[in-house]
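# Architecture and fold: a report
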Amino acid sequence: MLSRVKFTFILCIFNLSLNAQTPLSQVDNDRHYKEGLELLDKEQYAAARLEFEEFLKYEQHTLKAINAEYYAAYSAMSLYHQDGEDLIKRFVSDHSKHPKAVLAYYELGNFYYRQKDYKKATEYFEQVDLSRLSDDQRVESRFKMGYAYFSRKSFDKSLEHFNAIKNTDSEYMSAANYYAGYIEFRNESYEAALIDLQRAEKNEAYAAIVPYMIANVYYKQGLYDDLIDYGDKIKNEGRNLKNKEDFNLLVGEAHFQNKDYAKAADFFEAFAESGRYKSDREVLYRVGYTQYLAQKFDKAQNNFKVIASGQDELAQYASYYLGLIYIKEGNQNFALSAFDKARKLNFNTEIKEEASFKYAKVNFESGRYADAIDAFHYFLEKYPRSKLQDEANDLLSEAYLNTSDYDQAIKHIEGLGYKSQKVKETYQKVTFYKGTENFNNGKYYRAVKSFEKSLEYPIDKEMVIQANFWSGEAYSIGKRYDDAIRSYQAVFGVDPGNRSNYTLKTRYSLGYAYYNTKRYDQAREQFNRYINQPKSGNPEVFYNDALIRTADCYYVNKEYNNAVSFYDRAIKGGSEDIAYAYFQKGVILGIQNKVGPAKENFDRVINRYASSNYYDNAIYQKAQLDFEQGNYQQAINGFTYLIKNNPESGFVPYALLKRGFSNYNLQKYDLSINDYKKVLDEHIAHPTASSAVSSLQEVLTLQNRSAEFQTYLTKYKTANPNNESLETIEYETAKTLYNNQEYQRAISAFQSYIQSYSQNINAFEAKYFIAECYYRLEQDDEALRYYYEVESDNKIARVRRSVQRIAELEHQKGQYEKAIAYYQKLEKLAKRKKDTYNAWEGQMESYFQLAKYDSSSRYANKIQEGGSYSINALNKATLYLGKIALAQKNYDAAIDEFIKTSNAVKDEYGAEAQYLMGKIFYDRKEYRQSIETLIDLNTNFASYDLWLGKAFLLIADNYIGLEEFFQAEGTLNSVIERSPLPSIVEEAKVKLQQVQELKNKKIQEQETNQGDTTFQEIDN
């Protein structure tokens, strides 16, 4: 565009030339020319063009006409008329020597430059003869050509024009230096770029833009000190930069390269304040890594968390360093998740190797020995030549030493060709622990085998003592007493000084082994040694029991006074078998013919201990004393009391027989006959039946009723066939099928036998075996039907076992009331401690299911107070006390009981207790405490897959509560990969999807808009 000043100047020139006299027509035509100039000066191009074109109708080829032709073309161009450009071109072609031809291309270039049509702008600017322009026009043309080429990305041509004018004292100097500096920077001509940019920086228009480019130049040249000094200068000037964040990033990089990580972190954090970094993962990683090196771990952690959520190489690096930060914080759980992710990504092999080792080591250091073993195996297999191999092997050996996954440990060590001393020590311990696990689970044969393996390397003497002791215990339970005695005696060989607590326990157990093999003198010797040890080393329950067994040994050897003395000591000590002690005293005093004192002791049992196993025996023995003294009526009264009040007692057949004898002696023959017949009617297979038959024959003959005898003799013979009979063969055949576990065939055989020999005593036992077959075939309803028949018949010794089975099966069916009734019946029928404890345990569980917590608690306490026949039963009782407290919302008491349970034995009850503690803390929103508790479950109970799986699902829930979604995701992925239980895996998959949705939602909430970091331009 021509300026208003220029056109006013031109108008004056042409007015001076119009002083001469002209014709009127000429004067009118000149008016068109003059008005055209005035309109052009006012930028009224449409009207101006009309005036000039009107003028040209009447005047041609004059200087004024040539000027009018140019002005008309210029107006057309300014109006964007399609013919404007052609008119200008034609003017130049027709009047190439005219001064206006010089400006024509210049104006065309300006016109298209203003329209940002830089291609045409450069086309016309290039046709301008710069030598014929004024200095200002020449500089302007150069700058606009440079900028037009710059916009067209023709940087070499652009730089040529900027270089031509960047040293001129003009309004375009700073801009030319700025663009020249940018192009030189782009061309990696950093020294030239620095000079030009420093010139541009002096102009206020570029003072806020250029510093970032200068900083970039220093950075590209590696002039980190110069960049840092420049950064300090800008900071001190307080200059407000347009791209301050990017400037800070470069200065931070300079400090980073100079290893001044603290200052680098400050600048990176200044950059990060803009929020733009959140969508630039590489920058965010650099910020986090610098913060890590500057030991600003909290800030680094937050940045690494964002990066680690990805699946690329940056995520692998971020996860690894995140793991290192968590280790420094002592947060091993989070470290595991971080290293686990880093080791699973396959971008950087060195990071993958390091992360794999760290993952295994953190598992080891946090007590997750089973996981550590798996991780070390993976590491050693994946990186057999790693520089960390030796350390990995050392830690693997130690992990085996502490693991509860004993089978895997044993298999690994047994597979080694060479076993170092460290490995042998590990093998001794891990096989011993496996033995104790088998023992606690009632797998006594396997326990012995494990203890034998442990004894192959007798390195730890205390462990040798314990292995021999528990082998003896296992043999004793299996009634292999000679083997048990050898194992017990081996303890004394290892510990002749009796320094170990297990040596004292061995005395007690060895005494029992001798006692059970009827070597009473040797048994008494061991029990005496046990008793004579300091009492603080003897549990009260075992000490009193040893007193009673010592008394029994004296009793068997007929040293009655010594026996009574030890029974009295047991009574004074409050033995749990006090009823037995009184009973035995009664028996001994009876033998000594001290009838009065004997009866007094029997009365103590009858009056004080009606629920004891010796109650009915005491009644019988008291009546027997009267019988032996010839006090037959008193004897009859005693026997009658037993028969009437304890009809299920095993002494009823004896009482009937003796009452028959007493009635006979009192010549009450009819009553005597009735008693003998009752023995034969109700107890035909009992040992008393033989005496009852002969006595019945005698009294019937005496009463001239011999004809009645044949019926009972036949009945007796039928019920008691000789071993060569067909009945016996058929019955033994059915039992053989049962023993061979051919249960379906056994059922058919027993049922056939019952149909053929329904009155034989074996027919009643056959029902029991049928019930057992159905039980083992898991046909519980059929099993129950036959168990109930056995219990109802009450003809065989296996009634007690049937009662126990009924209780167990009813409990399994959820019929807890029925189960309780039969557990109570079992308790009354119990002849062994094991049966009593089974009855208590069943009632404890059944009452708990019915939410009758006081009753459940009562039986749990009974189990604990009795000392229990097994460690597992005792631990189960403790667990139930905790579950009862939990159900009653007494959380502190529940935790106390759960701690006792988990610390006592590493069994399934301990695993459940540990899980329930974690659940309590989770429900309280004490998430970190819950996680710590559940991690301990993994450490101590790794072999219990169900509780381990449930624990890790709950750990994930805790992480969700903490909004630690990265950790929750890692935990659930681990469960999905490793749990052998489909139900646990499916639940983990559902939770994982929920976690991913929560994580994505949180990321979306935190994201902010990214700022623009492109090249900065100014208006030109």
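Thresholds applied
- Residues numbered from 1 in each chain as written.
- Predicted model: local features only at pLDDT ≥ 70, side-chain atom pairs only at ≥ 80, totals over all residues.
- Heavy atoms only, no water.
- Helix = DSSP H or I, 4+ residues; strand = E, 2+ residues; numbered from the N terminus.
- Buried < 20%, exposed > 50% of the residue type's maximum accessible area, 1.4 Å probe, protein only.
- Patch = residues over 30% accessible without salt bridge, like charges linked within 9 Å, V, L, I, M, F, W, Y side chains within 5 Å.
- Areas by Shrake-Rupley, 256 points an atom, 1.4 Å probe, with all protein chains shown as cover.
- Salt bridge = Lys/Arg side-chain N within 4 Å of Asp/Glu carboxyl O.
- Lys, Arg positive; Asp, Glu negative; His and termini not counted.
- Charge placed at Lys NZ, Arg CZ, Asp CG, Glu CD.
- Phe/Tyr/Trp six-rings, centres within 6.5 Å; stacked < 30°, edge-to-face > 60°.
- Lys NZ or Arg CZ within 6 Å of the ring centre and 35° of its normal.
- Axes fitted to C-alpha atoms, helices over the stretch in contact; angles between N-to-C directions.
- Parallel < 35°, antiparallel > 145°, perpendicular 65-115°, else oblique.
- Left-handed = near helix turned anticlockwise from the far one by under 90°.
- Contact = heavy atoms within 4.5 Å.
- Core = buried A, V, L, I, M, F, W, Y, C linked by side-chain atoms within 4.5 Å.
- pLDDT = per-residue confidence, 0-100.
- Polar contact = N/O pair within 3.5 Å; in protein donor to acceptor, adjacent residues only side chain to side chain.
- UniProt positions renumbered as here; feature names shortened; annotations may be inferred.

The subject of this paragraph is the environment of K989. Its place among the elements puts K989 in helix α54 (residues 982–1006). Judged by relative accessible area, which is 41%, K989 ranks as partly exposed. Each C-alpha atom, one on K989 and one on R152, is 55 Å from the other, the two residues being 837 residues apart in sequence.

So, on to a negative patch on the surface. A contiguous patch of negative charge on the surface is contributed by D225, D226, D229 and D232. Within the secondary structure, D226 is located in helix α13 (residues 224–237). Judged by relative accessible area, which is 35%, D226 ranks as partly exposed.

We now examine the pattern of salt bridges. Counted by the stated rule, this structure contains 64 salt bridges. Between K361 and E391 there is a salt bridge whose closest N-O contact spans 3.1 Å. Of this pair, K361 sits in helix α20 (residues 349–365) while E391 sits in helix α22 (residues 389–402), and the two are 30 residues apart along the sequence. For K361, a relative accessible area of 23% corresponds to the partly exposed category. Between K825 and E791 there is a salt bridge, with its nearest N and O atoms 2.1 Å apart. In this pair, K825 is assigned in helix α45 (residues 816–829) and E791 in helix α43 (residues 780–793), connecting sequence segments 34 residues apart. Counted as one network, the salt bridges with shared partners bring together K767, E782, R785, E789 and D793.

Turning our eyes to something else, we now look at the packing of aromatic side chains. Under the definition given, this model contains 87 aromatic pairs. Ring centres 5.5 Å apart and planes at 65 degrees place the aromatic pair F256 and Y261 in the edge-to-face group. We classify F256 as buried; its relative accessible area is 10%. Counting every residue linked through ring pairs, the aromatic cluster contains Y113, Y118, F143, Y147, F150, F155, F162, Y172, Y178, Y179, Y182 and Y206. Seen from the ring of Y515, R549 lies directly overhead, with NZ or CZ sitting 5.7 Å from the centre. Its end group placed over the ring of Y775, R805 keeps NZ or CZ at 3.8 Å from the ring centre.

It is worth spelling out the packing of helix α38 (residues 688–702) against helix α39 (residues 709–719) at this point. Interaxial distance between α38 and α39 falls to 10 Å at its minimum, and their mutual angle equals 165 degrees. On the basis of their axis angle, the class for α38 and α39 is roughly antiparallel. The interaxial crossing formed by α38 with α39 has left-handed handedness. On the side of α38, the interface is formed by A689, S690, V693, L696, Q697 and L700, while α39 contributes F709, Y712, L713 and Y716.

It is worth spelling out the nonpolar core at this point. Ranked by size, the top nonpolar core spans 96 residues in total, and within it Y292, F304 and F376 carry the most contacts. When residues in this core are grouped by element, the largest group, nine residues, is from helix α52 (residues 945–961). Setting aside its immediate chain neighbours within four residues, F376 contacts F357, A360, K361, F364, A392, L395 and L396. Judged by nonpolar contacts, the second largest core, of 88 residues, contains Y620, F639, Y669 and L696.

What follows concerns the confidence of the model for the chain. A low pLDDT means the predicted coordinates there should not be read in detail. A residue-level look at the chain finds 92% of positions with pLDDT of 70 or above and a mean pLDDT of 86. Counted against residues more than four places away or in other chains, residues 1–22, with its pLDDT under 50, gives 26 contacts. Note that pLDDT drops below 50 for residues 1008–1015; the model gives that stretch 13 contacts with residues more than four away or on any other chain.

Position of Y731 relative to the elements: it lies in helix α40 (residues 726–739). Ignoring sequence-local partners within four residues, the contact set of Y731 consists of F750, Y753, N762, E765, A766 and F769. Among the polar contacts made by the side chain of Y731, one reaches the side chain of E765 at a distance of 2.4 Å.

This part takes up the UniProt feature "coiled-coil region" (unreviewed entry) in the chain. UniProt records the feature "coiled-coil region" (unreviewed entry) for residues 799–843 in the present numbering. What you have in residues 799–843 is 87% helix and 0% strand, and the ends, taken at the C-alpha atoms, are 19 Å apart.

Attention now moves to unusual backbone geometry. Phi is positive for K116, close to 60 degrees, though the residue is something other than glycine. Relative to the helices and strands, K116 is located in the loop between α6 (99–114) and α7 (118–125). With a relative accessible area of 61%, K116 lands in the exposed category. Positive phi outside glycine occurs at Q741, with the angle close to 65 degrees. Summarising the element assignment, Q741 is placed in the loop between α40 and α41 (743–756).

Following the sequence through the fold, N544 ends up in helix α30 (residues 540–556). You can call N544 buried: its relative accessible area is 3%.

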